[in-house]
Structures are given as structure tokens and as C-alpha cells.
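Descriptive analysis of the structure
Listed below are the residues making up each chain.
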Amino acid sequence: MTLPTAPLTLCELADPGIPGVESYSPFCVKVNRALRLAGLAYTREHGERPGAFKKHNPTGQVPVLLEGGRAIFDSTEILRQIEAWVPGSMSGGGDALTRAEAWLWEEYADSCLNGFLVASRWADDRNWPTVRDTFFSAAPWPVRRIVAPQARRRIVAGLVARDIWRAGPDACWRRFQILLDALERRAPATGFWLGHNLGVADLALFAQLQGLCTPLTPWHESQVLARTRLRDYLARVDQATR
């Protein structure tokens, strides 16, 4: 074990003020939970927008983990660094096959599940007014009036390119429910996703699914919580990583 050589600071978006939800960004949630699971002390620095930390990350994205003056960005890379500091903390301590599968589930959550989370917030007309008012409430009037719709169009175009929104809302949310049904059947009745030990697969799945369970997206929350095995599994991950 080689622990961090300097204090850790997590640069992330503002805390939404919802008990048990560290951020509206699932990637920030994932890293918060990972640091706590590994038992690493850290402080939090919040920004109103991802670009607030562009000096640390040229892509202008969060989270960014600072180890003193060294910046580690991209949530997956941060978790790999945590695993290097505290071996077994992210992999769940399983064999090589289980460790490989854990990182595959992490990629699935970040790539596939996240697409539906982004669509629920930015593309779904039922949620957009609440999302707009939440994300842009502190912005000047011209930003709310002009920049917010522009950002929405850009993000929805990206969802179309990713084939999440190409066929429209009905097809998207039909696929979403099929996906949730599959996760419900796969969810473990006890323990965690790949056995008795919690690891990166759990952190990533929890972060994306929890992101669907906020006041921003009430219908999507109802769909997740209606799957009782999945709901109970998420509650176990939540309790273990608070």
C-alpha cells in the first residue's frame, strides 16, 4: 500500500442540498463514495460549473482529485488511482476474472446508463423546466434565456449521435424500462453486484441509478424504485458508502 503523499481535495460541482446526494453529477458521486469506501480523508471544493476547475483539467470537466499539486481527472482514472493507493478497495478483492468484470460493469454504467440519465434531464420535456431552473438559477437572465436552450440543443444532439435519442422519447424510455428489467433480474438478493465485497461495479451502478432518483426526474425515479431487488441493492450500497 502506498498512500497519498499530500492532502486530497476533490473538485466537484455544488452540493445540491439533498440528503445523501453529494452532487447532481453521478461521476462526482462515484468518487465521493469511492474515497469513503477506501477510507481516504479528503476535503471538497465546489464550483458552480465544471469549467471552474479548468486550470486543473483542460477538458473543463469534473471531478478532479488533487493530491497536493497533482491533478487526477476522469472518474475512472481517479478510481484506478484509489485502487493503487489502497489495493483491493475498488476491485472488491476478488480474483483476476472478477476484477476484470468489475471494471466492465463500471464502463457499462458510465457509458450506457449515463446516456439515459442525461436524456432524462436534458431531452425529456417533462423534466427540462425543473432542470433548467435548477442548473441555471444563479445565472444572469441572458444566460437563462439564451445559453440554457443552446446548451440543451447541443446535449440533445449528442444524445442523438449516441443513439440514445435518435428514435425519440417513446423508443428511448421503452429501452430504458427494458434495461431496468434486466438489471432487476440481475440484481443480487444479498451482498453486492459481484459477491460479498463492494467494489467499483457497485460504485458506478449506484452513482448513475441514484442520479435518476432525484427531484429532477420523478418519473424515472419511480421506474427505478418500482424494481424492488434493484431498489434494495441500491440501499445496501448507499448504506455501505455513506
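Residues numbered from 1 in each chain as written. Predicted model: local features only at pLDDT ≥ 70, side-chain atom pairs only at ≥ 80, totals over all residues. Heavy atoms only, no water.

1. As for the overall build of the protein
Rule in force here: Helical segments are the DSSP runs of H or I of at least four residues, strand segments are the runs of E of at least two, and each set is numbered from the N terminus. Here the globule rule is a power law, 2.2 Å times the number of residues to the power 0.38, and the radius of gyration is based on C-alpha atoms. For every residue, the accessible area (1.4 Å probe, protein chains only) is compared with the maximum for its type, and the residue is labelled buried under 20%, exposed over 50%, or partly exposed between those bounds. Any two residues having at least one pair of non-hydrogen atoms within 4.5 Å are treated as being in contact. Methods summary: accessible areas were calculated by the Shrake-Rupley approach with a probe of 1.4 Å, and residue burial reflects only the protein chains presented. Positive charge is attributed to Lys and Arg, negative charge to Asp and Glu, and no charge count is given to His or to the chain ends. The location of each charge is read from NZ of Lys, CZ of Arg, CG of Asp or CD of Glu.
Across its full length, the protein holds nine helices and four strands. Along the chain direction, N to C, the helices and strands of the protein fall in the order β-α-β-β-β-α-α-α-α-α-α-α-α. Taken against the 2.2 N^0.38 rule, which gives 18 Å for 242 residues, the C-alpha radius of gyration of the protein at 18 Å falls within 12% of a compact globule. Taken over the C-alpha atoms alone, the protein extends approximately 50 × 45 × 30 Å along its principal axes. Classification of the 242 residues of the protein by burial places 50% in the buried group. Within the protein, counting contacts between residues at least 6 apart in sequence, those at least 24 apart form 70% of the total. Summed over all atoms, the accessible surface of the protein reaches about 11500 Å², with 55% contributed by carbon and sulfur. Considering the protein, the positive charge centre built from 29 side chains and the negative charge centre built from 25 side chains are found 5 Å apart.

2. Here's the deal with the pairing of strand 3 (residues 64-67)
What counts, and what does not: In short, DSSP must find at least two bridges between two strands for them to pair.
Residue alternation in strand 3 divides its side chains into two sets, Val64 and Leu66 and Leu65 and Glu67, and both sets are buried. Pairing analysis gives four bridges linking strand 1 (residues 8-13) to strand 3, with the strands arranged antiparallel. Residue Cys11 lies in a different strand from strand 3, and its bridge partner there is Val64. One ladder, built from four bridges, connects strand 3 with strand 4 (residues 70-73); its direction is antiparallel. Opposite Val64, over in strand 4, you have Phe73 as the bridge partner. From the end of strand 3 to the start of strand 4, which pair antiparallel, there are two residues, and Gly68 there has a positive phi angle of about 65°.

3. Concerning the pattern of salt bridges
Quick reminder of the rule: Salt bridge, as used here, is a side-chain nitrogen of Lys or Arg placed within 4 Å of a carboxyl oxygen of Asp or Glu.
Following the criterion strictly, the structure yields 15 salt bridges and no others. Close ionic contact of Arg44 with Glu12 constitutes a salt bridge, the shortest N to O distance being 2.5 Å. Here Glu12 lies in strand 1 and Arg44 lies in strand 2 (residues 43-47), a separation of 32 residues in the sequence. We classify Arg44 as partly exposed; its relative accessible area is 32%. A relative accessible area of 0% places Glu12 in the buried class. Here Asp181 and Arg227 are joined by a salt bridge, their closest N and O atoms 2.8 Å apart. You can see Asp181 sitting in helix 6 (residues 169-186) and its partner Arg227 sitting in the loop between helix 8 (218-226) and helix 9 (228-241), a full 46 residues away along the chain. What makes Arg227 buried here is its relative accessible area of 10%. One salt-bridge network, held together by shared partners, links Glu22, Arg33, Arg36, Asp238 and Arg242.

4. Things to note about the sheet that holds strand 3
Convention followed: Think of each axis as a best-fit line through the C-alpha atoms, taken over the contacting stretch in the case of a helix, with angles from 0 to 180 degrees between the N-to-C directions.
In space, the four strands of this open sheet follow the order 2-1-3-4, with mixed pairing throughout. Of all strands in the sheet, those bounded by a partner on one side alone are strand 2 and strand 4. For this sheet, the mean angle separating the axes of adjacent strands, direction not counted, is 25°. Pairing of strand 1 with strand 2, which is carried by five bridges, proceeds in the parallel orientation. When the sheet's bridge partners are listed, Leu13 is paired in strand 2 with Gly47. Packing of helix 1 (residues 26-38) onto the sheet brings it into contact with strand 1, strand 2 and strand 3, and relative to strand 1 it is tilted by some 155°. In the packing of helix 2 (residues 75-85) onto the sheet, contacts are made with strand 1, strand 3 and strand 4, and the angle to strand 4 comes to roughly 120°.

5. Some remarks on the side chain of Ser120
Assignment of secondary structure puts Ser120 in helix 3 (residues 96-123). Of the residues examined, Ser120 reaches a relative accessible area of 0% and is grouped as buried. Every residue in contact with Ser120, bar those within four places of it in the chain, is listed here: Asn127, Trp173, Leu212, Thr217 and His220.

6. Re helix 6
The condition that has to hold: An expected span of 1.5 Å times one less than the residue number is assigned to each helix.
When the terminal C-alpha atoms of helix 6 are compared, their 26 Å separation across 18 residues agrees well with the 26 Å that a helix rising 1.5 Å per residue should span. Along helix 6, the residues that are buried comprise Ala171, Cys172, Trp173, Phe176, Leu179, Leu180, Leu183 and Glu184. Buried residues along helix 6 sit against helix 3, helix 7 (200-211), helix 8 and helix 9.

7. Structural notes on unusual backbone geometry
Across residues other than glycine, the phi torsion is negative in most instances, and most of the peptide bonds are trans. The residue after Val62, namely Pro63, is reached through a cis peptide bond having omega 5°. Unusually for a residue other than glycine, Asp74 sits at a positive phi of about 80°. For Asp74, the location among the structural elements is in the loop between strand 4 and helix 2. The residue Asp163 is not glycine, and still its phi comes out positive at about 70°. With respect to the helices and strands, Asp163 occurs in the loop between helix 5 (141-161) and helix 6. Classification of Asp163 by relative accessible area gives partly exposed; the value is 39%.

These figures come from the coordinates and say nothing about function on their own.
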